[in-house]
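# Architecture and fold: a report
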Amino acid sequence: SNVHHYSFILKETNFTRLCFEKPMLTVNEQFPGPTIHVRKGDTAFVNVHNDGKYGITIHWHGVKQPNNPWSDGPENITQCPIQPGKNFTYEVIFSDEEGTLWWHAHSDWSRATVHGHIVILPEIGKTYPFPEPYAEQTIFLASWFNTDVKELIDNATLIGGDPDPSDGFTINGWPGALYNCSNETISTFGVEYGKTYLFRLVNGVMNEEMFFGIAGHNFTVVAQDAAYIKPIVTSYIMITPGQTMDILLTADQSPSSYYIAASPFFDSNAPFDNTTTTAILQYTNATAPSSIPFPSLPSTTDKESADNFTSKIKALASEEHPISVPQNITKRIFITVSVNQLPCDLVNGTCGGPNGNRLAASLNNISFSTPTTDILQQYYSMLNDTSFDTDFPSQPAVLFNFTGDDADDYILPEVGTKAKLVEYGASVEIVYQGTNIGNAENHPMHLHGYSFYVVGSAYGNWNETTSPDTYNLIDPPEVNTIGVPKNGWTSIRFVANNPGVWFMHCHLERHASWGMNTVLIVKNGPTNDTKIRRPPANLPICA
Ligand code: C2O
Ligand code: CU
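Since we're looking at a predicted model, the values are computed, not measured. (Residues numbered from 1 in each chain as written. Chains lettered and ligands numbered in written order. Predicted model: local features only at pLDDT ≥ 70, side-chain atom pairs only at ≥ 80, totals over all residues.)

### Focus on the pairing of strand β12 (residues 196-203)
Across the eight residues of β12, seven count as buried, placing the element largely inside the fold. As paired strands, strand β9 (residues 135-144) and β12 are joined by seven bridges and run parallel to one another. Counterpart to E136 in the pairing with β12 is L198. In this sheet, strand β17 (residues 244-250) lies alongside β12 in antiparallel orientation, the contact comprising seven bridges. Across the sheet, V202 pairs through a bridge with T244, a residue of β17. (Buried ≥ 20, exposed ≤ 12 C-beta atoms within 10 Å, placed from the backbone. Helix = DSSP H or I, 4+ residues; strand = E, 2+ residues; numbered from the N terminus. Pairing = 2+ DSSP bridges.)

Written out as structure tokens, the structure reads:
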């Protein structure tokens, strides 16, 4: 395995999209930021130098970082922010991931502009479990806001906690042909007739699940979240924020230009961005058509098409790429996932949420309050007096018909900083139970430090006797982020073999900032290589 070195300089740079120019925080003045290229088992040292105006951290989304939570990145969970003028070197340790992941800032909403790809090739001498593509390209889906993202979120917190939706989506930094003021540039992917390409797609959008398609072409999805799946031939995909998908496309249509497009999927009346971003698939040596064909994507609320695609995803589970889903579990954690609509005092305009917000979000009806010094250092130094508790419950305090309307018990969540302690080596099942409360929608739940097997999902309430009978324990997909239906449940399994302090949260940024988070603390194991490493010497100092 190899060691790589990267230098990330964070600074404000002017960008113009949709006729709005604004200074925004980027890495090395690039939007999206630079791609990290490694092979399975490599290590990357990334020196992050903050030349911006506020503290920042970077997270390596989906990289497990065995025994090394110090370099995981979520602000005030595993580290304090890198202050302006300071730098920190992350040691990013790749273990069994292979495929596409991504990195992003993990301080408030800063990931809107601070993000990029991670490409993990097979080890030297190993090949893909599919025919070698002729070439590879990266595709990054992101959200564009005409205003400064930090101001947007700060103001939203003041006026009731519901920030405006984004003003558009982008593919590799460009909104594309369907927006005002966007004729200047459109992302273009050149292909040669007869060749097959590997597209590495990241959904780095802030608040929307996305449909994605390419006009005139079916394609084959071969991996998700840096794990191989059984190939799926399809004309569209649905991808949730945080996830990645690897797609094989053969340029076998009449040489021409074709639109690539992505538009949101949601089943909710919450304020979402409902625009469509485009790019162009361009055959070389083709004459431009009089009109460029557009892919037929499912409509915004087409739940059936979304579910239909998602239900096809199964782990490859081959001899070369085996899976190890726990057949029996030693620990089950049942977690309700809710957006809480809070009572407001209309006279003085304050509501019941954190900072007087109108909305909160919660796990087991506990709305996470982010501490001001990081949990990892406090836990590692075994402080007695910590800014967090370890009493996150293994089930909600009140049980009711979660997917019915009986929601009174969830009007006021408890606000707290509660982590869940897990024994090293436990075979864990987490059941995420969506609820119909408030502005319900699907929740892409993400866990740091692990990937996990999605063993089951269905609409309605999870049932201890009957639901496990429906589980797939043979070839469940292995991911780091999974969309939990608002009026249904999703069960995941993993072995708690990575000691550390690991953030778990909804990857819709609105929900994360309203408190849809908790922390799994996986205790040390018995031997030296099953313990949290020593902290690096240059860890950022907490203010
Ligand atoms: Cu992609 Cu905690 O994040
Ligand atoms: Cu959510």
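### Quick word on the sheet that holds strand β18 (residues 257-265)
A sheet is described by the order of its strands in space; here five strands give the open sequence β11-β19-β18-β13-β16, paired in mixed fashion. At either margin of the open sheet sits one strand with a lone partner, and together these are β11 (188-191) and β16 (236-239). Adjacent strand axes in the sheet meet at a mean angle of 20 degrees, parallel and antiparallel pairs treated alike. Bridging between strand β13 (residues 209-214) and β16 involves four bridges; their strand directions are antiparallel. When the sheet's bridge partners are listed, F212 is paired in β16 with I237. Packing of helix α2 (residues 303-310) onto the sheet brings it into contact with β16 and β18, and relative to β16 it is tilted by some 90 degrees. (Axes fitted to C-alpha atoms, helices over the stretch in contact; angles between N-to-C directions. Contact = placed C-beta atoms within 7 Å.)

### Focus on the pairing of β13
Across the six residues of β13, six count as buried, placing the element largely inside the fold. Of the two faces of β13, the one carrying E209, F211 and G213 and the one carrying M210, F212 and I214 are both buried. With six bridges connecting them, β13 and β18 associate as antiparallel partners. Bridge pairing in β18 places F212 opposite A262.

### Regarding unusual backbone geometry
Put simply, F31 and P32 share a cis peptide bond, and its omega is -5 degrees. As for its position among the elements, P32 is in the loop between β2 (20-27) and β3 (36-39). A positive phi angle is found at N76, which is not glycine, with a value near 65 degrees. Position of N76 relative to the elements: it lies in the loop between β5 (58-61) and β6 (87-93).

### A closer look at the UniProt feature "domain: Plastocyanin-like" (unreviewed entry) in the protein chain
The UniProt record annotates "domain: Plastocyanin-like" (unreviewed entry) at residues 11-122, 137-286 and 392-524. Here residues 11-122 runs as 0% helix and 46% strand, with 33 Å between its end C-alpha atoms. (UniProt positions renumbered as here; feature names shortened; annotations may be inferred.)

### Digging into the domain arrangement of the protein chain
Taken domain by domain, the protein chain holds domain 1 (1-126), domain 2 (130-315) and domain 3 (331-530). The gap between the C-alpha centroids of domain 1 and domain 2 is 22 Å. Of the residues lining the interface, 27 residues belong to domain 1; the matching set on domain 2 comes to 32 residues. Listing elements by their share of the side of domain 1 that touches domain 2, those giving two or more residues are β2, β7 (99-105) and β8 (115-121). Counting residues per element, the side of domain 1 that touches domain 2 draws most heavily on β7, at five residues. Tallied by class, the residues present in the side of domain 1 that touches domain 2 amount to 12 nonpolar, 10 polar and five charged. (Domains from an automatic or database assignment. Nonpolar A, V, L, I, M, F, W, Y, C, P; charged D, E, K, R; others polar.)

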